[in-house]
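For reference, the chains in residue letters:
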Amino acid sequence: MTTLDNITRAHKPDLDRLNDRIANQLQTTNSLMSRIVLSLLRTKGKQLRPLLLMMCAKMFGPVDDKVLASAAAVELLHNASLIHDDVVDNSMTRRGCPTVNAVWDNHISVLVGDFFTSSAMQEAISTGDIRIVDSLCKLGRQLSLGEIDQIYNAREHSLTEEGYYRIIDYKTASLFVSSASMGCFAAGAPDREREALEKYALLFGRCFQIRDDVFDYFPSELVGKPTGNDLREGKVSLPLLHALEVTSGDEHDRIMELLGRGDLSDSEIALIQAFARDNGGIDYAFDIMHRLRIEACAELENLFDSPIRSELTALFDFIIERQF
């Protein structure tokens, strides 16, 4: 049993209440929408974002209806963004199951994503807290801007660490930061503690995405799921950025030529993956993740000692250590 399994089990009653609330929010008399929603609810992921929200709230009070509504809002908007991302990326599977656009079509997928987005807004509004509504609205903007930035950088072959961090802050870390903010607002946490948890969440989100990106530089048969997809779309992440930064000569130029050409074969993808691994890209990514952990733990020291503070440290370690 993993660290995440243990933490999830400790918060299972709250997660069960959350999932009941989400299912109720998504109820509709439309038979097609109901069928799609049911299939999506069967394949929910780790639910790290609402889990983080409820953990942050629980440091300052009970997981009440306001906290649950906030957690439902974040999880619904997150799923809306995934549904829309699958359309943008033309993805055929997610979490080992066919995507909505694979089973139905892009038209239906966009409408389902819109339905989830509207449901998220209803949950946020039900809290009666304008700070929570504002957080969710800002999150939606950041997710959209992050996707646009990523598409632009891929098309223009913009290869900088600064650009990479801007994208992952918008596309990934923003969800965790909003979760921390909304959990603290819902529970009435003091500003100082809220700001510390927001900083922790930003660092956690960056680490989460870097670890996810590392998987893309290993063969699919080792990871257990398709890899190299980001490279096929011209999306260059931290391991390859570092490898390109520290190399020069023919091999470097060959990789740059491939990235600029696009429409890469499996063997060319494997060549780029090996280049990143052989030139220190993976080690560099892990170095960055460990630095982020140190910063995050320093932020947690601003909070009073509690079991949840220990869980947040363990959760950060799990993200770094999770295997293929």
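Residues numbered from 1 in each chain as written. Predicted model: local features only at pLDDT ≥ 70, side-chain atom pairs only at ≥ 80, totals over all residues. Heavy atoms only, no water.

> Break down the overall build of the protein for me, with residues and values.
The helix and strand inventory of the protein stands at 17 helices and two strands. Taking the principal axes of its C-alpha atoms as reference, the protein extends roughly 60 × 50 × 35 Å. Put simply, of all contacts in the protein between residues at least 6 apart along the chain, 75% involve residues at least 24 apart. (Helix = DSSP H or I, 4+ residues; strand = E, 2+ residues; numbered from the N terminus. Contact = heavy atoms within 4.5 Å.)

> Residues and numbers for the pattern of salt bridges, please.
Applying the stated rule across the entire model yields 23 salt bridges. A salt bridge links Arg194 to Asp191; the nearest nitrogen and oxygen atoms lie 3.3 Å apart. With a gap of three residues between them, Arg194 and Asp191 both fall in helix α10 (residues 191–215), about one helical turn apart. Among the residues examined, Asp191 registers a relative accessible area of 48% and is labelled partly exposed. Two residues, Arg322 and Asp212, come together in a salt bridge whose shortest N-O distance is 3.6 Å. Here Arg322, found in the segment after α17 (307–321), pairs with Asp212, found in helix α10; they are 110 residues apart in sequence, far enough to count as distant. Classification of Arg322 by relative accessible area gives buried; the value is 12%. The exposure class assigned to Asp212 is partly exposed, which follows from its relative accessible area of 28%. Taken together, the salt bridges that share partners define one network made up of Arg254, Glu257, Arg261 and Glu268. (Salt bridge = Lys/Arg side-chain N within 4 Å of Asp/Glu carboxyl O. Buried < 20%, exposed > 50% of the residue type's maximum accessible area, 1.4 Å probe, protein only.)

> Which residues make up the side chain of Thr247, and what are the values?
By the secondary structure assignment, Thr247 is in the loop between α13 (238–246) and α14 (250–261). Reaching out from Thr247, the side chain makes a polar contact with the backbone oxygen of Ala243 at a distance of 2.7 Å. (Polar contact = N/O pair within 3.5 Å; in protein donor to acceptor, adjacent residues only side chain to side chain.)

> Explain unusual backbone geometry residue by residue, including any values.
Despite not being glycine, Gln47 has its phi angle at roughly 55 degrees, a positive value. On the secondary structure map, Gln47 appears in the loop between α3 (31–42) and α4 (48–58). Its relative accessible area of 8% is what places Gln47 among the buried residues. At Asn90, a position not held by glycine, the phi torsion is positive, near 55 degrees.

> Give me the side chain of His11: which residues, what numbers.
Within the secondary structure, His11 is located in the loop between α1 (3–10) and α2 (12–25). Side-chain polar atoms of His11 contact the side chain of Glu311, separated by 2.8 Å.

> Account for α13, with residues named and values stated.
Here α13 lies mainly inside the structure; seven of its nine residues are buried. Looking only at α13, the buried set comprises Leu238, Pro239, Leu240, Leu241, His242, Ala243 and Leu244. For α13, the elements touching its buried residues are α9 (161–187), α10, α12 (229–232), α14, α15 (266–278) and α16 (281–300).

> Which residues make up the state of the cysteines, and what values go with them?
What we call a disulfide is simply a covalent bond connecting the sulfur atoms of a pair of cysteines. Inspection of every chain in the model, using the stated rule, returns zero disulfides. We note that Cys137 lacks a disulfide partner, and the nearest cysteine sulfur, in Cys184, lies 19 Å from it. Its relative accessible area of 36% is what places Cys137 among the partly exposed residues. The thiol of Cys184 is unpaired, and the distance to the nearest cysteine sulfur, on Cys56, comes to 5.1 Å. (Disulfide = S-S within 2.5 Å.)

> Tell me what's going on with the packing of α13 against α16, and back it up with residues and numbers.
The N-to-C vectors of α13 and α16 enclose an angle of 120 degrees; their axes lie 8 Å apart at closest approach. The way α13 lies across α16 gives a crossing that is right-handed. Contacts from Leu238, Pro239 and His242 of α13 reach α16 at Gly281, Ile282, Tyr284, Ala285 and Ile288. For the contact of α13 with α16, the per-class residue count stands at six nonpolar, two polar and no charged. (Axes fitted to C-alpha atoms, helices over the stretch in contact; angles between N-to-C directions. Left-handed = near helix turned anticlockwise from the far one by under 90°. Nonpolar A, V, L, I, M, F, W, Y, C, P; charged D, E, K, R; others polar.)

By themselves, these figures tell us nothing about what the structure is for.
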